[in-house]
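Each chain is listed here by its residues.
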Amino acid sequence: MQTYELTRPDDWHLHLRDGEALAAVLPDTARQFARAIVMPNLKPPVTTVALAEAYRQRIVAALPAGSDFEPLMTLYLTDNTQPDEIAKARQSGFVHAVKLYPAGATTNSDFGVTDLKHCRAALEAMQEADLVLCVHGEVTDAAIDVFDREKVFIDDVLIPLRRDFPNLRIVFEHITTAEAATYVAEAEGRVAATITAHHLLYNRNALFKGGVRPHYYCLPVLKREHHREALVAAATSGNPRFFLGTDSAPHGKADKEADCGCAGCYTALHALELYATAFENAGCLDRLEGFASWFGPDFYGLPRNAGRIRLERKPLTIPTSLEFGAKQLVPLAAGETLSWSLID
Ligand SMILES: NC(=O)N[C@@H](CC(=O)O)C(=O)O
Ligand SMILES: [Zn+2]
Ligand SMILES: [Zn+2]
């Protein structure tokens, strides 16, 4: 195949940041995707509809001229989120999900949920309003091995949550394990998962190839090869419960190459080319359209995009560094060459 045309895709898990970082990264996403679910883990976090509306306006103001990209906003769930804020979110028309960060699990999660027992009224309201719950699915117990935190989350948090709120729509974000893929495929009710390009392309060896590689460090951390294989099987299966979410999570070069480097990989620049590589490696490029463009809007109850985009078999060399406001940003797989390019 020399070209691959597909319905214009959306990104169902994205970090756009704010200020000059937002201005630097937004054009990359707007070039690749029609819409994106924008994560609320700013400092301070986007905990109210009013904050989400102001953030949405800053995103729209930062768009390149002529872009029709649509940000789909989310609220950051806290121990104190009130049911009336959920009702407001539903009425707003621009808030499409609420995000659960277990406190301390990842970047800017300090205001996250300490125990879901504090969120029962909010979850009840979300189930009632049919508002999607997006979940960073890792336990935070320091005694649990970092490679096991997703697996333990399924048993300790997700299964009880599913049982207590059987009609809640849940997206298990950025899944990284065979256990998560199996859970999502088999769970009762409306459960789906996003899968990143980096978890389809790399296993944990990428973190230590010839030395420590901070630009391959994200959360949940890359896992063993058999987990990567299970994720590829899920993404290419045609099961509509699995869809595209890049989790593109930009951090400045110096903030990653540090004593205590930040978690997150920047992939918005070349997301589709990365996913096309993973799908082609699996011999399933023809399955990319469902995963990237159909199953996400279907789950979120939004129309599929009308436009189409085209990938061509043409080498794409990934830059080693990008401008990121006053900082530098190193994209995933910097310096490598992919065999697909998105044609404008
Ligand atoms: N994925 C990451 O490693 N980092 C994300 C947060 C998140 O999605 O957990 C970030 O905001 O930097
Ligand atoms: Zn996360
Ligand atoms: Zn994320």
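Under the annotation held in an unreviewed UniProt entry, the protein chain carries the name Dihydroorotase and is attributed to Ahniella affigens. Of the protein chain, the UniProt comment under Sequence similarities (unreviewed entry) reads exactly: "Belongs to the metallo-dependent hydrolases superfamily. DHOase family. Class II DHOase subfamily."

## So, empty space enclosed by the protein
Taken as a whole and judged by the stated rule, the model has 3 cavities of 30 Å³ or more. The space that makes up the largest cavity amounts to roughly 110 Å³. What lines the largest cavity is a set of 16 residues, and nearest its centre among them are His15, Thr106, Thr107, Asp247 and Ala249. Residue composition of the lining of the largest cavity, by class: 4 nonpolar, 9 polar and 3 charged.

## Some points on the coordination of the zinc ion (ligand 3)
His13 (NE2), His15 (NE2) and Asp247 (OD) make up the full set of protein donors to the zinc ion (ligand 3), lying at 2.0 Å. Classification of the site at the zinc ion (ligand 3) rests on its 4 donor atoms, whose angles at the metal span 94 to 134°, yielding the label tetrahedral. Mapped onto the polypeptide sequence, the residues donating to the zinc ion (ligand 3) form the spacing pattern H-x1-H-x231-D. Between the zinc ion (ligand 3) and the zinc ion (ligand 2), a separation of 3.9 Å is found. Residue His13 is located in strand 2 (residues 11-14), and its partner Asp247 is located in the loop between strand 9 (242-244) and helix 9 (253-256); the two are separated by 234 residues in the primary sequence. In this structure His13 comes out as buried when scored by relative accessible area, which is 1%. Residue class for Asp247 comes out buried when judged on its relative accessible area of 5%.

## So, the site of ligand 1
Around ligand 1, 15 residues are found, and the nearest of them are Arg17, Thr106, Leu219, Asp247 and His251. Between ligand 1 and the protein, one listed contact pairs an oxygen atom with a side-chain N or O atom of Thr106 at 2.7 Å. The backbone of Gly264 places a nitrogen or oxygen atom 3.2 Å from an oxygen atom of ligand 1. Protein burial of ligand 1: of its 320 Å² of free accessible surface, 100% is covered by the chains. Its atoms largely coinciding with the cavity grid, ligand 1 occupies the largest cavity. Looking at the shell around ligand 1, its residues break down into 4 nonpolar, 9 polar and 2 charged.

## Notes on the sheet that holds strand 1 (residues 3-7)
Strand pairing within a sheet occurs via backbone hydrogen bonds; the two strands may be parallel or antiparallel. In space, the 3 strands of this open sheet follow the order 1-10-13, with antiparallel pairing throughout. In the strand order of this sheet, the two ends are held by strand 1 and strand 13 (337-343), each with one partner. Pairwise comparison of adjacent strand axes, ignoring direction, gives a mean angle of 35° for this sheet. Relative to the sheet, helix 10 (residues 271-281) contacts strand 10 (308-317) and strand 13, its axis offset from that of strand 13 by approximately 120°.

## A closer look at the layout of surface pockets
Volume-wise, the largest pocket comes out at about 750 Å³. Lining the largest pocket are 30 residues; nearest its centre among them are Lys43, Thr107, Asn108, His251 and Cys262. Here the lining of the largest pocket is composed, by residue class, of 14 nonpolar, 9 polar and 7 charged. In this model, the second largest pocket occupies a volume close to 370 Å³. Looking at the lining of the second largest pocket, the elements that each hand over two or more residues are helix 4 (120-129) and helix 5 (149-164). The residue makeup of the lining of the second largest pocket, split by class, is 12 nonpolar, 2 polar and 6 charged.

## So, the pairing of strand 10
As defined by bridge partners, strand 1 adjoins strand 10 across 5 bridges and the pair is classed as antiparallel. The residue bridging Thr3 from the neighbouring strand is Glu312, located in strand 10. As defined by bridge partners, strand 10 adjoins strand 13 across 6 bridges and the pair is classed as antiparallel. Bridge pairing links Leu311 to Leu342 in strand 13.

## Brief notes about the coordination of the zinc ion (ligand 2)
Protein coordination at the zinc ion (ligand 2): the donors are His136 (ND1) and His174 (NE2), at 2.0 to 2.1 Å from the metal. For His136, a relative accessible area of 1% translates into the label buried.

Definitions and cut-offs
Residues numbered from 1 in each chain as written. Chains lettered and ligands numbered in written order. Predicted model: local features only at pLDDT ≥ 70, side-chain atom pairs only at ≥ 80, totals over all residues. Heavy atoms only, no water. UniProt positions renumbered as here; feature names shortened; annotations may be inferred. 1 Å grid on protein atoms, 1.4 Å probe; cavity = no way out; pocket = protein on both sides within 12 Å on 5 of 7 lines; lining within 4 Å. Points joined across faces, edges and corners; volume = space filled by probe spheres on them. Nonpolar A, V, L, I, M, F, W, Y, C, P; charged D, E, K, R; others polar. Donors = N, O, S within 2.8 Å, 3.2 Å for Na, K, Ca; no water. Tetrahedral: all angles 85-135°; square planar, octahedral: opposite > 155°, others 65-115°. Helix = DSSP H or I, 4+ residues; strand = E, 2+ residues; numbered from the N terminus. Buried < 20%, exposed > 50% of the residue type's maximum accessible area, 1.4 Å probe, protein only. Near = heavy atom within 4 Å. Polar contact = N/O pair within 3.5 Å; in protein donor to acceptor, adjacent residues only side chain to side chain. Areas by Shrake-Rupley, 256 points an atom, 1.4 Å probe, with all protein chains shown as cover. Sits in = over half its atoms within 2 Å of the grid points. Pairing = 2+ DSSP bridges. Axes fitted to C-alpha atoms, helices over the stretch in contact; angles between N-to-C directions. Contact = heavy atoms within 4.5 Å.

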